[in-house]
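# Examining the three-dimensional arrangement
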Amino acid sequence: MNLELLLLVGLGAFSAIVTFILHTKYKQNTVRASALVGLFSSLVVLIFPDALSAYHIKNIPLVAFGASFIGMVSSSVLSNYFLLACSGSVFTFVFLKANSVFSGFGGGLGVAACISLLVVLALPVIFKKAIRSIVWLHVRKSVTKFKD
C-alpha cells in the first residue's frame, strides 16, 4: 500500500471518529458535525496546497466529508470507535475504487458510506456464524469418531 493511499485511509477513519465525537460528546447535531469535518478538511487543502500532491488536493476533502457521513450513525447502532474507524477505512477503499461508478450521479458519497457501514456492521454476524459452523463441524467429527 503506497503512502498516498495510507494517508487517505487514515483520514477516512479519523473523519468518521471525529464526526461521531462531535455528535455524541459535544452535542452537535449530525449535519453540523459532518459539515465541520468537511469544512476543516477543505480549509487544510486550501491553506496548504503546496504541501500536498494533486492527488491529495482532489481526494482529501471528498474522503473526509464522505467518511464523516459514517460518523453520523446513531450511538445506539454503533458506538465502538474501532468499528467506526474500520468503517471509515472501508469507505476510503469503496469510494476510491467505485468513484467512476458514481460519476454523474448525486449521492455517491452517501451510498459509499452506507455500503461501508453495512459491511462493518455485518462482520460480527458473519464471523459468529462462521465460528458456529466450524464448531459444529468439529463436534460432528468427534461424535462420528466415537460411534466408530
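Here, the structure is the one placed above.
Scope of this entry: the structure provided in the associated data block. (Residues numbered from 1 in each chain as written. Predicted model: local features only at pLDDT ≥ 70, side-chain atom pairs only at ≥ 80, totals over all residues. Heavy atoms only, no water.)

## Things to note about the overall build of the protein
Heads up, the condition is: Secondary structure elements are taken from DSSP: a helix is a run of H or I of four residues or more, a strand is a run of E of two residues or more, and numbering for both begins at the N terminus. When we talk radius of gyration, it's over C-alpha atoms, and the globule rule is simply 2.2 Å times the number of residues to the 0.38. Here's how the labels work: a residue is buried when its accessible area is under 20% of the maximum for its type, exposed when over 50%, partly exposed in between, all with a 1.4 Å probe on protein chains only. By definition, residues are in contact when any of their heavy atoms lie within 4.5 Å. Surface accessibility in these figures is a Shrake-Rupley result with a 1.4 Å probe; residues are shielded only by whichever protein chains are displayed.
On a plain count of helices and strands, the protein comes out with five helices and zero strands. Order of helices (α) and strands (β) in the protein, N terminus to C terminus: α-α-α-α-α. Computed over C-alpha atoms, the radius of gyration of the protein comes to 20 Å, more than 25% over the 15 Å expected from 2.2 N^0.38 for 148 residues, which places it beyond the range of a compact globule. When each of the 148 residues of the protein is scored for burial, the buried share is 32%. Expressed as a percentage of contacts within the protein between residues at least 6 apart in sequence, the contacts between residues at least 24 apart total 72%. As presented, the protein carries roughly 9300 Å² of accessible surface, and 72% of it is formed by carbon and sulfur atoms.

## Describing unusual backbone geometry
The backbone of lysine 27 shows a phi angle near 55 degrees, a positive value even though the residue is not glycine. Summarising the element assignment, lysine 27 is placed in the loop between helix H1 (3-24) and helix H2 (30-47). A relative accessible area of 68% means that lysine 27 is categorised as exposed.

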